[in-house]
Amino acid sequence: MILRRRNLLAALPAGLLLSGCDSLASNPTLKSIVGAGEQATYRWQRLVGRDGLAREFAASDISPVFKMNGTRRPTNPEWQRLEAGGFADWRLKVGGLVQRELSLSLADLARLPQRTQITRHDCVEGWSAVGQWTGVPLGSILKAAGLRDGARYIVFLCADDYGGEASKGGLQSASRYYESVDLVDAFHPQTILAHQLNHQPLDAGHGAPIRLRVERQLGYKQAKYLMQILAVDSLAPFGSGKGGYWPDRGYEWYAGI
Ligand SMILES: Nc1nc2c(c(=O)[nH]1)N[C@H]1C(S)=C(S)[C@@H](COP(=O)(O)O)O[C@H]1N2
Ligand SMILES: [Mo]
């Protein structure tokens, strides 16, 4: 149970904590998905900055235009039907290695404690934008679901599919956009399921109705159009097994900045 483990970690002397992180960074599953240089970054960030916060900015720093990138409007008929209904029928399914599966509406999410943060989004294509995001900390949703022993990653399945014919392959088709994080990032205080950008409900371009913000990593980790999140012990069953649509195509899984 994750809560117990986290409390335990908080109580441990620093030396033990380091060896805990060390074993995490050298575990075989992680080794199979991250390259050597990336593993060094991952280890470093996990050793020194487990709970370090990404920089937050002032309202005056917010970019006048927050560029859109990747999918601007999923062609998935199910997503389009949900959008036409103002996402009243949209549900975020939470499953996998959890004690209680959840199905959360936007109203359910609105009832949970919210966090607002002004952060800089960095895309590997060479642009950045500062925006204010409001949403529900992912950790509170995972606590409500209760992680089961063995859960190591959280996988985010999105509505958009790069393969065309969106409905054909289903949520786990090889061209479906998806992403994943480890449990340190999943429970990080700035990791939120955002439903607002700059005080407005997310528009289609920015990931309506909900997108992930995982602020210590690059733009492609910020999965838009969330449909389902899964707690898993392995990333192998998803896509080509590298933990994300872009990681499957050669980008680093741990895109620390
Ligand atoms: N579902 C989904 N999420 C996605 C993408 C995408 O194409 N589909 N593109 C990623 C990339 S590369 C970036 S830079 C950001 C862009 O987010 P924005 O359109 O809100 O600027 O979303 C990321 N998340
Ligand atoms: Mo990006």
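Structural data are supplied above this passage.
Residues numbered from 1 in each chain as written. Chains lettered and ligands numbered in written order. Predicted model: local features only at pLDDT ≥ 70, side-chain atom pairs only at ≥ 80, totals over all residues. Heavy atoms only, no water.

(A) Representation of the site of ligand 1 in the model. Among the 22 residues in the neighbourhood of ligand 1, the closest are listed as K67, N69, D160, Y162 and K224. Between an oxygen atom of ligand 1 and a side-chain N or O atom of Y162, the distance comes to 2.6 Å. Residue R211 places a side-chain N or O atom 3.0 Å away from an oxygen atom belonging to ligand 1. Notes on ligand 1: free accessible area 530 Å², of which the protein chains cover 99%. Those elements that provide at least two residues to the shell around ligand 1 are β3 (115-123) and β5 (153-161). Here the residues of the shell around ligand 1 sort into ten nonpolar, eight polar and four charged. (Near = heavy atom within 4 Å. Polar contact = N/O pair within 3.5 Å; in protein donor to acceptor, adjacent residues only side chain to side chain. Areas by Shrake-Rupley, 256 points an atom, 1.4 Å probe, with all protein chains shown as cover. Helix = DSSP H or I, 4+ residues; strand = E, 2+ residues; numbered from the N terminus. Nonpolar A, V, L, I, M, F, W, Y, C, P; charged D, E, K, R; others polar.)

(B) Quick peek at the pattern of salt bridges. If you walk through the whole model with that rule in mind, you get nine salt bridges. In this structure, R73 and E83 form a salt bridge, with 2.6 Å as the shortest nitrogen-oxygen distance. Of the two residues, R73 sits in the loop between α4 (36-48) and α5 (77-84) while E83 sits in helix α5, which places them ten residues apart along the sequence. Close ionic contact of D185 with R216 constitutes a salt bridge, the shortest N to O distance being 3.0 Å. (Salt bridge = Lys/Arg side-chain N within 4 Å of Asp/Glu carboxyl O.)

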